[in-house]
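Below, each chain spelled out in residue letters.
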Amino acid sequence: MSASGGTKAIVAALVANLSIAVAKFVAFLFSGSSSMLAESVHSLADSGNQGLLLLGGKKAKREATPQHPFGYGRERYIYAFLVSIVLFSVGGMFAVYEGYEKIKHPHEITAWYWPVGVLIFAIIAEIFSFRTAIKESNQTRGDRSWTEFVRRSKAPELPVVLLEDLGALVGLILALGGVGLALATGNGVWDGIGTLCIGILLIVIAIILAAETKSLLLGESAGLEEVEKIKAAVVDGDTVTGIIHMRTLHLGPEELLVAAKIAVQHDDTAVEIANAINAAENRIREAVPIARVIYLEPDIFKAEAAAAGNNPGKTPGAPAPQDPGAPGDLKDLGH
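Read on for a plain summary of the structure.

Conventions adopted
Residues numbered from 1 in each chain as written. Predicted model: local features only at pLDDT ≥ 70, side-chain atom pairs only at ≥ 80, totals over all residues. Heavy atoms only, no water. Core = buried A, V, L, I, M, F, W, Y, C linked by side-chain atoms within 4.5 Å. Buried < 20%, exposed > 50% of the residue type's maximum accessible area, 1.4 Å probe, protein only. Helix = DSSP H or I, 4+ residues; strand = E, 2+ residues; numbered from the N terminus. Contact = heavy atoms within 4.5 Å. Expected span 1.5 Å × (residues − 1). Bend = angle between axes of the 7 residues up to and from the residue. Phe/Tyr/Trp six-rings, centres within 6.5 Å; stacked < 30°, edge-to-face > 60°. Lys NZ or Arg CZ within 6 Å of the ring centre and 35° of its normal. Axes fitted to C-alpha atoms, helices over the stretch in contact; angles between N-to-C directions. Parallel < 35°, antiparallel > 145°, perpendicular 65-115°, else oblique. Left-handed = near helix turned anticlockwise from the far one by under 90°. Salt bridge = Lys/Arg side-chain N within 4 Å of Asp/Glu carboxyl O. Pairing = 2+ DSSP bridges.

Moving on, we come to the nonpolar core. Generally speaking, nonpolar side chains in soluble globular proteins are found buried as a group. The biggest cluster of nonpolar side chains holds 43 residues, and the ones touching the most others in it are L53, L87, L119, V160, V161, I205 and L209. Counting only elements with at least two residues in this core, the list comes to helix 1 (3-31), helix 2 (34-59), helix 3 (75-104), helix 4 (113-141), helix 5 (146-152), helix 6 (157-185) and helix 7 (189-218). The element contributing the most residues to this core is helix 6, with ten residues. In this structure L119 touches M36, L172, A175, L176 and V179, once residues within four positions along its chain are discounted. Residues M246, L256, A260 and I294 belong to the second largest nonpolar core, which totals 23 residues.

Over its 30 residues, helix 3 extends 42 Å from the first C-alpha to the last, a length consistent with the 44 Å expected when each residue adds 1.5 Å. Where helix 3 bends most, the angle comes to about 25°, and this point is F88.

Turning our eyes to something else, we now look at the packing of aromatic side chains. Applying the stated criterion across every chain yields a total of four aromatic pairs. For the ring pair W112 and Y113, a centre distance of 6.0 Å and an interplane angle of 70° mean the geometry is edge-to-face. When the ring of W146 is compared with that of F149, the centres are 6.0 Å apart and the planes differ by 90°; the resulting orientation is edge-to-face. In this pair, W146 and F149 both sit in helix 5, three residues apart, roughly one turn of the helix. Note that R141 overlies the ring of W146, its terminal NZ or CZ placed 4.0 Å from the centroid.

Bringing the packing of helix 8 (residues 224-234) against helix 9 (residues 270-287) into the picture now. Where helix 8 meets helix 9, the closest approach of the two axes is 8 Å, and the angle between their N-to-C directions is 150°. The angle between helix 8 and helix 9 places the two elements in the roughly antiparallel class. For the pair helix 8 and helix 9, the sense of crossing is right-handed. Contact residues: K229, I230, A233 and V234 in helix 8; A280, R283, I284 and A287 in helix 9.

Attention now goes to the pattern of salt bridges. The final tally for this structure, using the stated rule, is ten salt bridges. Here R62 makes a salt bridge to E75, at a shortest N to O gap of 2.3 Å. Taken together, the residues span a long stretch of sequence, with R62 in the loop between helix 2 and helix 3 and E75 in helix 3 at a distance of 13 residues. Several salt bridges share partner residues, and in doing so they unite R76, E157 and E254 into one network.

Let us look at the sheet that holds strand 2 (residues 255-264). Overall, mixed pairing links the three strands, which are arranged 1-2-3 in an open sheet. With partners counted over all chains shown, the strands left at the sheet margins are strand 1 (242-252) and strand 3 (291-300), one partner each. Adjacent strand axes in the sheet meet at a mean angle of 15°, parallel and antiparallel pairs treated alike. Note that strand 2 and strand 3 share nine bridges and pair parallel. From the neighbouring strand, I262 faces strand 3, where its bridge partner is P298. Taken strand by strand, helix 8 contacts strand 1 and strand 2, and its axis lies near 135° from that of strand 1. Sheet strands touched by helix 9: strand 2 and strand 3. Its angle to strand 3, the strand with the most contacts, is close to 145°.

Pasting the structure below:
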């Protein structure tokens, strides 16, 4: 898995959530608090989610097969998507149902010290888990904002753990508020309201996770920085004079496919072109190590066709060329 950072954050979250789930369920048995029951199911679902992420990371390491020639890197995306489904159904929908039932049929919380004590313990444990996830994320986040990191990260584990831990912390505060108001007013409806808020929070987080992992499953291109590095690495200014068009696709968080049509001169020999392609592939892998699968197709660049207009096959998202004949921004082949 991308690094030990993702694994370390997942394991920290797994240990925290398992211990918290047990403590919350014990508190529910002694106090009858619906917030405690919802939170125990939430922590149990989170523990299962961390297990899914670890399983996805293990399955993604399998070697490519004739049936799956590009390997199993996207297993990590699939299991991250399953996490959002589990969080929505097991965590969110259960909490909404439990909160509705408790609002409809409220009852007094007994042995108040159990839920309050467990919630304080859980907040401390979740802060530890959240702190670990933040620390590990900062190693790969760079100067990106947290929102951009969650939206643009190609490795799903850390964004998933970050959102889960954030949701868990906010959920614990909601549960503590619901229990506290129920104890202060003697009205168990507040406990149900806290549970309902927890459910809505989990559903919102699950929808965000589903949307982001769906984009990864559909297939995302390399980031703009990686695209520019690849374009600079391809052109040698001698045999390879430019890029006609290029596509990149993440086969997994750490596996990138690069396919490009490159411009060569009409009088280059086959041997010269083959050597230039091999050299370009080596430069690409040196510049962007995750570029594992590279396909470069040579073609003759025609100046008169380049002057005719923009090429619709140009790499999506690439900046508009300022010079129609600039290397890396060639326009068309004129076939």
